[in-house]
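# Residue-level structure breakdown
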Amino acid sequence: METNFQSRTKKYFLLFFLPGFLVLATAHAQQFTPTVKQFIAVNVDTLALIHAKVVDGTGGLSKTDQTIIIIKGRIVQLGNASRITAPPSAKIIDCSGKTIIPGMVMMHEHLFYGESLPPNYLGLAMPLSFPRLYLAGGATTIRTTGTVEPQTDLNIRKWIDEGKMVGPDIDVTGPYIEREFLPIPEVHFIKSADEAEEDVSYWIKKGCTSFKVYMDITQDDLKKVVAVAHKNNLKVTGHLCSITYREAATIGIDNLEHGFIPCSDFVTGRKEDVCAFGAVTPSLKKLDVNSAEMKDLMKFLIEKKVAITSTLPVFEPYTGREIIPGDGSAALAPQIKEVVEQGYNAAVGKDSSDAALFKKEMAWEKQFVEMGGRLMAGVDPTGAGRTIPGYADRHVLELLKEAGFTFSQAVKICSLNAAEYLGRDKDIGTIAIGKRADLVLIGGDPEKQIGDVRNTEIVFKNGVGFDSKKIFESVNGKVGLY
Ligand SMILES: [Zn+2]
């Protein structure tokens with residue numbers, strides 16, 4: 001049982017292990033256009049990363065003074081530097097004083113940027129800046145988790161695969177499945193459960209590899225979406241409101257977005273299949289952080305194997321926090337930056353109850369993991385426009401640390417947990433022999449000083465090293481434009 005997304009990568013994987021140099025060469029040879037080449041710092045057949053601290057993505061203890069040997073994009077040797085000799089043909093990179101983590105697998109990313117223009121909210125496609133930013137920030141695989149321009153996302157995925165654009169591997173999620181509710185003009189609104197089913201079937205044919213239901217659908221809509229997606233071995237996630245977490249888990253949803261913030265299970269007197277929009281947040285603000293009902297719900301979700309995606313950056317409080325968390329303000333177009341700053345200044349000092357809920361959300365995510373739940377993470381570049389891809393992806397590690405996870409656990413949430421969910425953990429998600437060399441080389445030691453995650457130096461995808469700083473700089477001032 002595998003998804004289109006998996007079979008695409010699996011074909012590549014199998015090819016690689018067939019005998020014969022020619023096959024190896026064909027499988028590895030990655031052609032890049034000049035647009036992409038300008039950002040490549042390292043592209044050799046044999047590479048040795050020596051004397052690095054390695055946090056391998058399994059959640060286990062970090063290891064110091066490690067050597068990683070990469071041949072044709074795959075990790076072939078890994079261990080203590082004193083015991084591994086680099087092949088004579090290898091290019092050697094001394095990683096003393098640096099840390100290597102797996103390429104991040106981020107699960108709530110969009111290729112559009114949200115702009116609030118009351119009474120409307122716009123999702124503006126960012127086809128040129130966003131793919132670059134994700135990769136620059138260490139995300140080598142992303143799920144788009146809802147799109148306003150599916151054809152754009154599908155083309156971007158294709159061009160990245162073909163070496164014509166800089167960016168991560170993409171699990172392209174189809175258009176939002178939603179009935180008319182929020183005034184977002186880019187969203188296609190369905191009128192019936194049959195239409196939901198037709199849409200999903202159509203976008204599977206076009207190449208979408210996962211689906212997301214949104215805030216105002218019915219349980220019948222969800223049943224149809226889950227049935228057709230699962231029949232095609234694809235997964236369904238949801239940012240819910242009209243349906244409770246318990247109802248969705250019962251129907252068979254695979255994943256729930258934004259942690260527990262959209263959870264309407266604790267709204268009193270709610271009507272079935274109706275989004276009680278204004279009542280959800282207050283119900284959670286009232287709920288005790290150690291509520292037995294919440295623990296009971298978590299237990300149920302875990303039994304039903306429903307994963308949770310944490311999107312802490314989009315909920316980041318204002319007071320005492322950066323305007324653009326992760327220090328990404330250089331990326332914003334000046335005109336957009338001005339609007340975001342105005343919004344920030346208007347909210348500072350007035351967000352104490354939201355800040356308290358944010359802390360509670362962190363605690364719930366920690367409890368969910370401690371109970372055995374699968375937590376993944378993403379940034380969600382929407383909300384008040386403060387969440388900028390790449391910068392926010394690195395910042396997720398800081399926020400998970402703040403939530404009480406160790407650095408190792410935070411890395412696992414952003415790599416292995418998601419790779420397993422995508423069914424791609426044989427290939428990506430940890431630093432291990434045989435896996436793809438998707439790695440992030442970080443200056444410093446984020447395990448000792450979490451802020452060092454911002455020093456991404458080289459992001460390796462398939463063993464090809466991209467210059468993080470150069471990519472970030474190439475789109476300075478572009479977010480909000482394209
Ligand atoms: Zn989203």
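Residues numbered from 1 in each chain as written. Predicted model: local features only at pLDDT ≥ 70, side-chain atom pairs only at ≥ 80, totals over all residues.

Looking now at the overall build of the protein chain. The secondary structure content of the protein chain amounts to 16 helices and 19 strands. Relative to a compact globule of 482 residues, whose C-alpha radius of gyration would be 23 Å, the protein chain shows 22 Å and is just as compact. Taken over the C-alpha atoms alone, the protein chain extends approximately 70 × 45 × 45 Å along its principal axes. Taking all 482 residues of the protein chain together, 50% fall into the buried category. Of all intrachain contacts in the protein chain linking residues separated by at least 6 positions in sequence, the fraction that spans at least 24 positions is 73%. (Helix = DSSP H or I, 4+ residues; strand = E, 2+ residues; numbered from the N terminus. Rg over C-alpha atoms; globule rule 2.2 N^0.38 Å. Buried ≥ 20, exposed ≤ 12 C-beta atoms within 10 Å, placed from the backbone. Contact = placed C-beta atoms within 7 Å.)

Once that is clear, we can look at the nonpolar core. Core analysis: the largest hydrophobic core is formed by 135 residues, its most contacted members being I100, V225 and C414. Ignoring sequence-local partners within four residues, the contact set of C414 consists of M104, V105, M106, A377, V396 and L397. (Core = buried A, V, L, I, M, F, W, Y, C linked by C-beta atoms within 7 Å.)

The parallel open sheet is built from three strands, whose spatial order is β7-β10-β11. Two strands in the sheet have a free side with no partner beyond their single neighbour: β7 (104-106) and β11 (169-171). When strand polarity is set aside, the average angle formed by the axes of neighbouring strands in this sheet is 15 degrees. In this sheet, β11 lies alongside strand β10 (residues 139-143) in parallel orientation, the contact comprising three bridges. (Pairing = 2+ DSSP bridges. Axes fitted to C-alpha atoms, helices over the stretch in contact; angles between N-to-C directions.)

Now for unusual backbone geometry. Here the amide bond leading from P118 into P119 is cis, since omega sits at 5 degrees, within 30 degrees of zero. Mapping P119 onto the fold places it in the loop between β8 (112-117) and β9 (120-125). In this model, H258 sits at a positive phi of 70 degrees, which is unusual for a non-glycine residue. Secondary-structure assignment places H258 in the loop between β14 (255-256) and α9 (277-286). Positive phi is not limited to glycine here, since D327 has a value of about 65 degrees.

Looking now at the sheet that holds strand β13 (residues 235-238). What holds strands together in a sheet is hydrogen bonding between their backbones, with the strands either parallel or antiparallel. Read from one edge of the open sheet, five strands run β12-β13-β14-β15-β16, paired in parallel fashion. Unpaired on one side and paired on the other, β12 (210-213) and β16 (375-377) mark the two borders of the sheet. One ladder, built from four bridges, connects β12 with β13; its direction is parallel. Within β13, the position partnered with K212 by the bridge is T237.

With 14 residues, helix α6 (residues 193-206) extends 20 Å from end C-alpha to end C-alpha; this agrees with the ideal 20 Å at 1.5 Å per step. Every buried residue of α6 is accounted for by A196, D199, V200, W203 and I204. With its buried residues spanning 130 degrees around the axis, α6 presents them on a single face. Across from the buried face of α6, at angles greater than 90 degrees, the exposed residues are D194 and K205. Where the residues of α6 are buried, they touch α5 (150-161), β12 and α7 (219-231). (Expected span 1.5 Å × (residues − 1). Arc of directions from axis to C-beta.)

Now for the pairing of strand β3 (residues 63-71). Both strand β2 (residues 46-54) and β3 contribute to a ladder of six bridges, which runs antiparallel. Across the sheet, V54 pairs through a bridge with K63, a residue of β3. Bridge count between β3 and strand β4 (residues 74-80): six bridges; the pairing is antiparallel. Each residue of the ladder has a partner; that of I69, found in β4, is Q77. Taken together, β3 and the strand that follows it, β4, pair antiparallel across an intervening segment of two residues, in which K72 is found at a positive phi of about 45 degrees.

The predicted model of the protein chain has a mean per-residue pLDDT of 94, with 94% of residues at 70 or higher. Counted against residues more than four places away or in other chains, residues 1-27, with its pLDDT under 50, gives 26 contacts. (pLDDT = per-residue confidence, 0-100.)

Let's shift gears to helix α13 (residues 391-402). Across its 12 residues, α13 extends 17 Å between first and last C-alpha, which sits within 8% of the 16 Å expected from 1.5 Å per residue. Along its buried surface, α13 packs onto β7, α4 (129-136), β10, β16, α14 (407-413) and β18 (456-461). G404, located one to two residues past α13, shows a positive phi value of around 110 degrees.

Mapped onto the elements, L400 comes out in helix α13. Here L400 falls in the buried class, since 27 other C-beta atoms lie within 10 Å of it. Distance in space between the C-alpha atoms of L400 and M362 is 7.8 Å, their sequence separation being 38 residues. For L400, the contacting residues outside a window of four places in its chain are A377, F405, A410 and I413.

Moving on, we come to the environment of T311. Within the secondary structure, T311 sits in the loop between β15 (307-310) and α11 (334-347). A count of 28 C-beta atoms within 10 Å places T311 in the buried class. Measuring from C-alpha to C-alpha, the distance between T311 and V379 comes to 5.2 Å, with 68 residues separating the pair along the chain. Every residue in contact with T311, bar those within four places of it in the chain, is listed here: H108, E257, H258, G259, G378, V379 and D380.

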